[in-house]
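# Remarks on the overall topology
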Amino acid sequence: MSLAVDRVPHLAVVGNPNTGKSTLFSALTGIFTRTGNFPGVTVEMKLGRLKTSTREAVLVDLPGTYSLAARSADERVTVDVLLGLRPEIGSLAGALCIVDGTNIERNLYLFSQVRDLGLPVLLIVNMIDRAEKAGIAITEPELSQRLGVPVVFCNAHDQSSVALVQKSIFEFIEQNPPAAHGTDLAAQQASNSDFPPAFETAVNELQGLLSAHGRKMPRPLVSRLLIDIDGQIEQAEVQPWPELSSHLKRLREQVSAAGYRISGIEPRVRYAAIRKAIAGLEIRPVRQAGQFSEKLDGWLTHSVFGLLIFIFMMFVVFQLLYRGAEPVMVLMETAFGSLQDLVGGMMPRGPLRSLVTQGIIAGVGGVLVFLPQIVLLFLFLAILEDCGYMARAAFLMDRLMTKVGLSGKSFVPLMSSFACAIPGVMATRVIENRKDRMVTILVAPLMSCSARLPVYSLLIGAFIPGVSFLGGWVDLRSLVLLAFLSLGAIVAIPVAWILKKTIFPGETPPFVMELPPYKWPSIKTVFQRVYDRAAAFVVRAGTLILLTSIVIWGLGYFPGDHSRENAILAEMEETRQIFEDPLQRRENLQQQLAGSDDAPPPSPVESASLENELNSLNQQLKEFDALMEKLEGELIATQGQLQENSFLGMAGHWIEPIVRPLGWDWRIGVGVLASFPAREVIIATLGVIYNLGEGMEAESPQLRDALINSRNPDGSPVFTIPVALSIMVFFALCAQCMATLVVVSQESGSWKWAVFTFVYMTALAYVGALITFQVASLWW
Amino acid sequence: MTATLESLQTGQHARVQDVQGDDSLALRIMEMGLLPGAEIEFIGRAPLGDPLEIRVAGYHLSLRKAEAHRVVIEMI
């Protein structure tokens, strides 16, 4: 998809975090934006259209940043887009730099970097109402004259103010036709005389060296290469040309020798220039002791109450995800079940019907069932983020997370993964550091999500004795459940540590982070964020999840001959039709006898007459019941046979030697293979394998008994306590959740990471289950 | 011995004298406004002892002890 073909002028939107940039972006462009993805990096940029009846422009929303010094490939994208070096965006007509009027000095640092790229810049001073209250007294033309670029004041929450900004943007575009600022940024000479001559000389020499080596680089990029010690540009350029390292070292020493330490040169020069430009604009700090925000912060970061409030908030989020989403999810499952029946009823039996109902409808349901959790989590996170609390959450939890080499920003995504890894992995976007973000993504699926619960409750209910200790206060089953719920998180600690040491080595990234003042969240920004995340999941991850569901359906359906199954199903249906009236009557009678909320149970006299009628009906339907029971038995046996002979079943037999040391037989193997789309599928699969039909749930006593009573050919039980433990350990650690793997591949920017996640988790799960079974077998 | 930002107590004011080191971390610290000459106020520590919160250039900044250790200060 080339975004550059249309001739509508493109403008980048840049600014520090917490400047109201996204609020202004959505106010200008509306809710519906496109997302531009960049191959090889995890950055995505939103593109929105700015439109009047006669004019149009495209705004490219760049990630919020404090500086253009790129430390990672993700940060590099921002610089490249601004320089017009990304073909996905093409050359820009200019940049809109949004600054927070209450914190203008630090905000102008990024502005000064952007301006030096040679791009026309429109400076948008946001939160001007608050800045004016804080004592800033300057007009737009005055500030514009001091900084040498057009300036517009703005309150992103105010409609009329946004309209003025829009007008200024179009004026800005007219004043800067694309040809005027020249597309050849490479030819540009030293434009910023603020830097000392020794530095400019070094940049010139470096540019000469690069171009002699056949590397034409825009001058702003060359100075960034010189300034950013061990930054992304240096890493990328040194790789094909290792000698560059020694040139850089020499040139940096040359600048240092002239009295300018290289790391300090840019901030010193820029801040000096900024202070000069805004001299006399003394603004009282907006955040002062005694103010509401300060008092609130005193409580929220308090050494005792801060932690307690944080734990309470996380508890609420977690309960919302875990319990709040459940009714909606159950409703959706029921709705999709009815849809399967409805559509299935309109189609002749056969592979097509099975594909539509079991493959497609079940697959779409399997995607949408995650939506309630995603929407809820991002609703909560967007509110916390927008009001300024998320920075405090990272502040509070940082110490804890540094123990495994991560930062405080990884805490909330990992905690959310206890409900579901999908929104958890999606929430890692707040982590700017690529390595931290990758490690967080890779360990998030280890957290014990709600889909593991049915597996645990089935096996614990069946095999762990219901004894209690300490006078009934502690129950063994709950203890075992708790152990399995924490297993993943405990394993995640060494995994994160090892990943940090091996695949993502390097120094601990700095944790220099702004703690913004508290404010009321903007409903529009919150809604926009929730919509973005939900849409991204459904559209991008959803299609892939659906495709995989269909493939798994095919593996479970073919190559068996389903004619016998279809014949039995048809016969059952016909038989039911013949006896439709008495069956209906019987159901009514049973309902009346049982009573309901609307109708209380009948009186004893009525009851007796109803019972009589029911008994005679049962007599009448005796033949029918017997026939149906026989057919059902045949059907389940046929389905079990079909499953055993399907590709999936063959694979189950094939892997039996591999899973034997875990104490499993081929049936458990099939169950594990079939549960690749989602862990909880194993319950239904075991139901089919143990000839109980597909409708089994974790709480079904029949399934529990079937597991307890199942026997190996030699008569020994298939399931023993070691086997049950081994299965649970496997499910605690394995990556049997296709949707998570799809989201991992999407969020990490490469399917290879999904494969990596699957392989490492499966290996952990296998080894864990092996050790568990072998050790547990010594006792039982 | 020179005092660093790490050693400040809640409510104390100080002026930055130097940011030690010549690397990307030093650049990052200075980019956020912790330049020689900048006035800072120590707001407090996170409940678990790290990171720290300071006020600089009219806003609040959080940084870890390891980073604060780089920032040489004089009391005012």
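Cut-off values and rules
Residues numbered from 1 in each chain as written. Chains lettered and ligands numbered in written order. Predicted model: local features only at pLDDT ≥ 70, side-chain atom pairs only at ≥ 80, totals over all residues. Heavy atoms only, no water. 1 Å grid on protein atoms, 1.4 Å probe; cavity = no way out; pocket = protein on both sides within 12 Å on 5 of 7 lines; lining within 4 Å. Points joined across faces, edges and corners; volume = space filled by probe spheres on them. Helix = DSSP H or I, 4+ residues; strand = E, 2+ residues; numbered from the N terminus. Nonpolar A, V, L, I, M, F, W, Y, C, P; charged D, E, K, R; others polar. Core = buried A, V, L, I, M, F, W, Y, C linked by side-chain atoms within 4.5 Å. Buried < 20%, exposed > 50% of the residue type's maximum accessible area, 1.4 Å probe, protein only. UniProt positions renumbered as here; feature names shortened; annotations may be inferred. Pairing = 2+ DSSP bridges. Contact = heavy atoms within 4.5 Å. Buried area = accessible area lost by both parts, 1.4 Å probe. Salt bridge = Lys/Arg side-chain N within 4 Å of Asp/Glu carboxyl O. Polar contact = N/O pair within 3.5 Å; in protein donor to acceptor, adjacent residues only side chain to side chain. Domains from an automatic or database assignment. Axes fitted to C-alpha atoms, helices over the stretch in contact; angles between N-to-C directions. Left-handed = near helix turned anticlockwise from the far one by under 90°. Phe/Tyr/Trp six-rings, centres within 6.5 Å; stacked < 30°, edge-to-face > 60°. Expected span 1.5 Å × (residues − 1). Bend = angle between axes of the 7 residues up to and from the residue. Patch = residues over 30% accessible without salt bridge, like charges linked within 9 Å, V, L, I, M, F, W, Y side chains within 5 Å. Areas by Shrake-Rupley, 256 points an atom, 1.4 Å probe, with all protein chains shown as cover.

## Details of empty space enclosed by the protein
Residues and elements named next belong to chain A. As enumerated under the stated definition, the model contains 4 cavities of 30 Å³ or more in all. If you add up the space inside the second largest cavity, you get close to 40 Å³. Lining the second largest cavity, in full, are Met 426, Ala 536, Phe 537, Arg 540, Ala 541, Val 743, Gln 746 and Glu 747. Broken down by element, the residue count for the lining of the second largest cavity peaks at 4 residues, all from helix α22 (residues 523–557). Grouping the amino acids of the lining of the second largest cavity by side-chain chemistry returns 5 nonpolar, 1 polar and 2 charged.

## Looking at the nonpolar core
Of all hydrophobic cores here, the largest spans 107 residues; its most connected members are Ile 422, Leu 459, Phe 537, Trp 664 and Phe 719 of chain A. Sorting elements by how many residues they give to this core places helix α32 (residues 721–733) of chain A first, with 11 residues. Ile 89, Val 114 and Ile 274 of chain A together with Phe 42 of chain B belong to the second largest nonpolar core, which has 96 residues in total.

## Remarks on the UniProt feature "domain: Ferrous iron transporter FeoA-like" (unreviewed entry) in chain B
The sites that UniProt annotates as "domain: Ferrous iron transporter FeoA-like" (unreviewed entry) are residues 3–75 of chain B. Counting secondary structure, residues 3–75 of chain B comes out at 16% helix and 42% strand; the distance between its end C-alpha atoms is 9 Å.

## Digging into the pairing of strand β6 (residues 71–75) of chain B
All names here are of chain B. Two strands pair when backbone bridges link them, and strand β1 (residues 3–4) and β6 are joined in this way by 2 bridges, in the antiparallel orientation. Looking at β6, one finds that Thr 4 is bridged to Val 72. Both strand β2 (residues 13–19) and β6 contribute to a ladder of 5 bridges, which runs antiparallel. Its bridge partner being in β6, Asp 18 is matched across the sheet by Val 72.

## Quick notes on the interface of chain A and chain B
In this complex, chain A contributes 48 residues to the contact, which on the side of chain B involves 35 residues. Summed over both partners, the interface of chain A with chain B buries about 3,500 Å², with 58% contributed by carbon and sulfur atoms. Applying the counting rule to chain A against chain B returns 4 salt bridges. Taken together, chain A and chain B are joined by 12 residue pairs in polar contact (both at pLDDT 80 or more). At the level of secondary structure, the elements contributing two or more residues to the side of chain A that touches chain B comprise α3 (104–115), α11 (262–277), α12 (292–300), α16 (389–402) and β10 (513–514) of chain A. At 8 residues, the largest contribution of residues to the side of chain A that touches chain B is made by α11 of chain A. One ladder, built from 2 bridges, connects β10 of chain A with strand β5 (residues 59–63) of chain B; its direction is antiparallel. Bridging from a neighbouring strand, Met 513 of chain A pairs with Ser 62 of chain B of β5 of chain B.

## Here's the deal with the domain arrangement of chain A
Residue and element names in this part refer to chain A. Domains assigned within chain A are domain 1 (10–184) and domain 2 (197–277). Once you take the C-alpha centre of each, domain 1 and domain 2 turn out to be 26 Å apart. Contacts between the two partners involve 20 residues from domain 1 and, on the opposite side, 16 residues from domain 2. Contact between domain 1 and domain 2 buries roughly 1,600 Å² in total, counting both sides, with carbon and sulfur atoms accounting for 60%. Scanning the region where domain 1 abuts domain 2 turns up 2 salt bridges.

## Let's talk about unusual backbone geometry
Cis geometry is found at the peptide bond from Phe 558 of chain A to Pro 559 of chain A, where omega equals -5°. Here Pro 559 of chain A lies in the loop between α22 and α23 (563–578). With an omega dihedral of -5°, the bond running from Asp 50 of chain B to Pro 51 of chain B counts as a cis peptide bond. Tracing the sequence through the fold places Pro 51 of chain B in the loop between β3 (39–45) and β4 (52–56). A positive phi angle, close to 55°, is found at Met 127 of chain A, a residue other than glycine. Mapped onto the elements of the fold, Met 127 of chain A is located in the loop between β6 (121–126) and α4 (128–133). Note on Met 127 of chain A: relative accessible area 12%, which makes it buried.

## Comments concerning the packing of helix α14 (residues 351–368) of chain A against α22 of chain A
All names here are of chain A. Contact pair α14 / α22: the axes reach a minimum separation of 8 Å and the direction vectors enclose 145°. Judged by the sense of rotation from one axis to the other, the crossing of α14 with α22 is right-handed. On α22, the residues that touch Pro 351, Ser 354, Leu 355, Gln 358, Gly 359, Ile 360, Gly 363, Val 364, Val 367 and Leu 368 of α14 are Phe 537, Val 538, Gly 542, Ile 545, Leu 546, Ser 549, Ile 550, Trp 553 and Tyr 557.

## Describing the packing of aromatic side chains
Aromatic ring pairs: the centre-centre distance and the angle between the two ring planes describe each pair. Residues and elements named next belong to chain A. All chains considered together, the criterion is met by 18 aromatic pairs over all chains. Between the aromatic rings of Tyr 456 and Phe 484, the centroid separation amounts to 5.4 Å while the plane-to-plane angle is 35°, which identifies the pairing as tilted. Of this pair, Tyr 456 sits in helix α20 (residues 452–463) while Phe 484 sits in helix α21 (residues 476–501), and the two are 28 residues apart along the sequence. Residue classification places Phe 484 among the buried positions, given a relative accessible area of 7%. Taking 5.0 Å as the distance between ring centres and 80° as the angle between the ring planes, the aromatic pair formed by Trp 664 and Phe 730 counts as edge-to-face. Placement of Trp 664 in the loop between α28 (656–659) and α29 (666–674) and of Phe 730 in helix α32 is noted, with a sequence separation of 66 residues between them.

## Observations regarding the pairing of strand β5 (residues 94–100) of chain A
Residue and element names in this part refer to chain A. Among the 7 residues of β5, 7 are classified as buried, and the element is accordingly described as predominantly covered. Burial along β5 is two-sided: Gly 94, Leu 96, Ile 98 and Asp 100 facing one way and Ala 95, Cys 97 and Val 99 facing the other are all buried. Relative to β5, strand β1 (residues 10–15) runs parallel, the two being bridged by 5 bridges. Residue Gly 15 lies in a different strand from β5, and its bridge partner there is Ile 98. Across 6 bridges, β5 lies against β6 in parallel orientation. Its bridge partner being in β6, Asp 100 is matched across the sheet by Asn 126.

## Side note on α14 of chain A
Residue and element names in this part refer to chain A. Helix length check: α14 (18 residues) gives 24 Å between terminal C-alpha atoms against 26 Å at 1.5 Å per residue, within 8%. A bend of about 25° at Ala 362 is the largest found in α14. Within the span of α14, buried status applies to Ser 354, Val 356, Thr 357, Gly 359, Ile 361, Gly 363, Gly 365 and Val 367.

## Quick word on a nonpolar patch on the surface
All names here are of chain A. A cluster of nonpolar side chains, namely Val 467, Phe 469, Leu 470, Trp 473, Leu 479 and Leu 482, defines an oily patch on the protein surface of about 700 Å² accessible area. You can see Phe 469 is positioned in strand β8 (residues 468–469). Under the relative-accessibility criterion, Phe 469 is labelled partly exposed at 38%.

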